[in-house]
Amino acid sequence: MDRSDRKIVEKMNARLVDTHCHLNFEYDNGKTDQTLVQEALEQGVSALITIGTESKTFKEVQQISERYENVFHTIGVHPHDASTIDDSLLASMRPLLNHPKCVAVGEIGLDYYYEHSDRQKQQKELKAQLDLALGAQKPVVIHSRDGEVDLLPILTEYTRKIKSASYSPGVIHCFSGTQPFAEACIALGFYISL
């Protein structure tokens, strides 16, 4: 673990961390990222992770994290947009994962509720982004909605590959699964976000 990694770990050991926010979204109340970060701090949230969900947001979430000492970011392509992923997009993500404030690959996963992208394409691109996470030695933020039957074997294979690594595999976000699915994910080392 190098010096910048230690700083991130120190920040993440804070008492309360918002592990999934979208500081780059435009909100109806007109609040800016600066206002949202300040309000979070006032409420005792000492660190925030703003989530990249599509390629056009990668630089934006990175820039937001650079503006605030206590804000970090992720990059990943949401399953709704899996149809937009190709080899060049995956290649463009690799160097962005090396940014010192990029703490995970995500939001990635399977969403069979809305099915904005074909199920097979979602599975293929989830596996490709899991491979990016393995290469960068970063945890993942998994979006799971009605796809647990296909998701669990994919996550099981992923965790086999990182078994000897010294980091958590990640968090299951947008959890809509069953108790047995949650228990299986926890057994794999994942955290569950409700």
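Right above here is the structure, for reference.
Report on the accompanying structure. (Residues numbered from 1 in each chain as written. Predicted model: local features only at pLDDT ≥ 70, side-chain atom pairs only at ≥ 80, totals over all residues. Heavy atoms only, no water.)

Re the packing of helix H4 (residues 87-96) against helix H5 (residues 119-136)
The condition that has to hold: Angles shown run from 0 to 180 degrees and are taken between the N-to-C directions of axes, each axis being a line fitted to C-alpha atoms and, for helices, limited to the stretch in contact. Secondary structure elements are defined from DSSP: runs of H or I of at least 4 residues count as helices, runs of E of at least 2 residues count as strands, and each element is numbered from the N terminus. Here the word oblique covers every angle except those under 35 degrees (roughly parallel), over 145 (roughly antiparallel) and from 65 to 115 (roughly perpendicular). Working rule for handedness: look at the near helix, and if it is turned counterclockwise from the far one by less than a right angle, call the crossing left-handed; if clockwise, right-handed. Only heavy atoms matter for contacts: two residues are in contact if any of them lie within 4.5 Å across the pair. Classification used: nonpolar for Ala, Val, Leu, Ile, Met, Phe, Trp, Tyr, Cys and Pro, charged for Asp, Glu, Lys and Arg, polar for all others including Gly.
The geometry of H4 relative to H5 is characterised by a closest axis approach of 10 Å and an angle of 25 degrees between their N-to-C directions. Classified by the angle between their axes, H4 and H5 sit roughly parallel to one another. Pair H4 / H5 crosses with right-handed handedness. Contacts from Leu90, Met93 and Arg94 of H4 reach H5 at Glu125, Ala128, Gln129 and Leu132. When its residues are assigned to classes, the contact of H4 with H5 shows 4 nonpolar, 1 polar and 2 charged.

Considerations on the pairing of strand S2 (residues 47-50)
Going by this rule: Any residue under 20% of the maximum accessible area for its type is buried, any over 50% is exposed, and the rest in between are partly exposed; the area is computed with a 1.4 Å probe on protein chains only. DSSP calls a pair of strands paired once it identifies at least 2 bridges connecting them. Look down the strands so they point away from you; if going from the first strand over the helix to the second traces a clockwise path, that crossover is right-handed.
Across the two faces of S2 the burial is the same, with Ala47 and Ile49 and Leu48 and Thr50 all buried. Bridging between strand S1 (residues 17-21) and S2 involves 3 bridges; their strand directions are parallel. Directly across from Cys21, in S2, lies its bridge partner Thr50. Each parallel crossover has a hand, and for S1 linked through helix H2 (residues 33-42) to S2 it is right-handed. Sheet analysis places S2 next to strand S3 (residues 71-75), joined by 3 bridges and oriented parallel. Counted as the bridge partner of Ile49 is Phe72 from S3.

Observations concerning helix H7 (residues 179-187)
Condition: Working definition: the arc comes from the directions between the helix axis and the C-beta atoms, pointing outward to the latter.
Every buried residue of H7 is accounted for by Phe181, Ala182 and Cys185. All buried residues of H7 fall inside an arc of 100 degrees around its axis, so they share one side. Along H7, exposed side chains directed more than 90 degrees from the buried face belong to Gln179, Pro180, Ile186 and Ala187. Contact partners of the buried residues in H7: strand S5 (140-145), helix H6 (148-161), strand S6 (170-173) and strand S7 (191-192). Once H7 ends, the next one or two residues include Gly189, with phi positive near 105 degrees.

Without other data, these values stay purely geometric and don't point to any function.
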